[in-house]
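Examining the three-dimensional arrangement
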Amino acid sequence: MDNMMRSISYLLLASTMPLLKVEASLAQELSVEDRACITGAVAKLPQVAALKIEGSRAIEGRVLEQPQSQGLRKWNVYRVKVEIDVSVAGQRSTYVFNCRHSGQATVIQPLGMR
């Protein structure tokens, strides 16, 4: 019986491997800027004990070039919209944030909930 349980455990583990690989590949696709923006947006979520994060995504990301002024070098700002899917007591919602990231600075602006 012990061998049978071990075999079932191995089969269950093997069946989850493709799912784990998909999740890992999705995480690797995010840029450093997207990860910084998502992390900052999560920190802005309401502090509710029962809040569970179901998913997140960075959409419509683009680099905005800031014009050079009075001999200073040009710098870029990355702008992206972040959506965080959450659930509380079975009710699902999506929080939407605007994010601007430049160098070490990340600014998160809540846009609303739907």
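For the structure, check the block above.
Attention in this report is confined to the structure presented alongside it. Predicted model only: the values in this text are computed from it and were never measured.

Thoughts on the state of the cysteines
Disulfides are covalent bonds that link the sulfur atoms of two cysteine residues. The full count for this structure, using the stated rule, is one disulfide. Here Cys37 connects covalently by a disulfide to Cys99, the sulfurs 1.9 Å from one another. Given an S-S torsion of about -65°, the disulfide between Cys37 and Cys99 has left-handed geometry. Within this pair, whereas Cys37 is found in helix α2 (residues 32-43), its partner Cys99 is found in strand β3 (residues 91-102), the two being separated by 62 residues in sequence. Both residues of the pair, Cys37 and Cys99, belong to the buried class.

A look at the environment of Ala36
For Ala36, the location among the structural elements is in helix α2. Placed 71 residues apart in sequence, Ala36 and Val107 show a C-alpha to C-alpha distance of 9.8 Å. Each residue touching Ala36, except ones within four places of it in the same chain, is listed here: His101 and Thr106.

Here we look at the pairing of β3
Direction of pairing for β3 relative to strand β4 (residues 105-113): antiparallel, over a ladder of eight bridges. Directly across from Ser102, in β4, lies its bridge partner Ala105. Between the antiparallel neighbours β3 and β4 lie two residues, among them Gly103 with a positive phi of about 60°.

Some details on the side chain of Asp85
The topology assignment puts Asp85 in strand β2 (residues 75-88). On the basis of relative accessibility, which here comes to 16%, the residue Asp85 falls in the buried class. Polar side-chain contacts of Asp85 include one of 2.7 Å to the side chain of Thr94.

Quick look at the nonpolar core
If you look at the biggest cluster of nonpolar residues, it comprises 13 residues, and the most contacted ones within it are Ala41, Leu45, Val80, Val82, Ile84, Phe97 and Cys99. Breaking this core down by element, the ones donating at least two residues are α2, β2 and β3. It is β2 that provides the largest number of residues to this core, a total of five residues. With residues up to four places along the chain from it excluded, the contact list for Leu45 reads Leu51, Ile53, Ile84, Val86, Tyr95 and Phe97.

A short note on the side chain of Ser87
Within the fold, Ser87 resides in strand β2. Classification of Ser87 as buried rests on a relative accessible area of 10%. In contact with Ser87, not counting residues within four places along its chain, are Ala50, Leu51, Lys52, Glu54 and Arg92.

Things to note about the pattern of salt bridges
Where side chains of opposite charge bring their charged atoms close, a pairing between them can arise. Evaluated as defined, the whole model comprises four salt bridges. Notably, a salt bridge pairs Arg57 with Glu83, separated by 2.9 Å at the nearest N-O pair. Residue Arg57 is found in strand β1 (residues 52-66), and its partner Glu83 is found in strand β2; the two are separated by 26 residues along the sequence. A residue is classified by how much of its surface remains accessible, and Glu83, at 7% relative accessible area, is buried. It is possible to trace a salt-bridge network through shared partners that takes in Arg57, Glu83, Asp85 and Arg114.

About the thresholds
- Residues numbered from 1 in each chain as written.
- Predicted model: local features only at pLDDT ≥ 70, side-chain atom pairs only at ≥ 80, totals over all residues.
- Heavy atoms only, no water.
- Disulfide = S-S within 2.5 Å.
- Helix = DSSP H or I, 4+ residues; strand = E, 2+ residues; numbered from the N terminus.
- Buried < 20%, exposed > 50% of the residue type's maximum accessible area, 1.4 Å probe, protein only.
- Contact = heavy atoms within 4.5 Å.
- Pairing = 2+ DSSP bridges.
- Polar contact = N/O pair within 3.5 Å; in protein donor to acceptor, adjacent residues only side chain to side chain.
- Core = buried A, V, L, I, M, F, W, Y, C linked by side-chain atoms within 4.5 Å.
- Salt bridge = Lys/Arg side-chain N within 4 Å of Asp/Glu carboxyl O.

Honestly, it's all geometry; don't read function into it.
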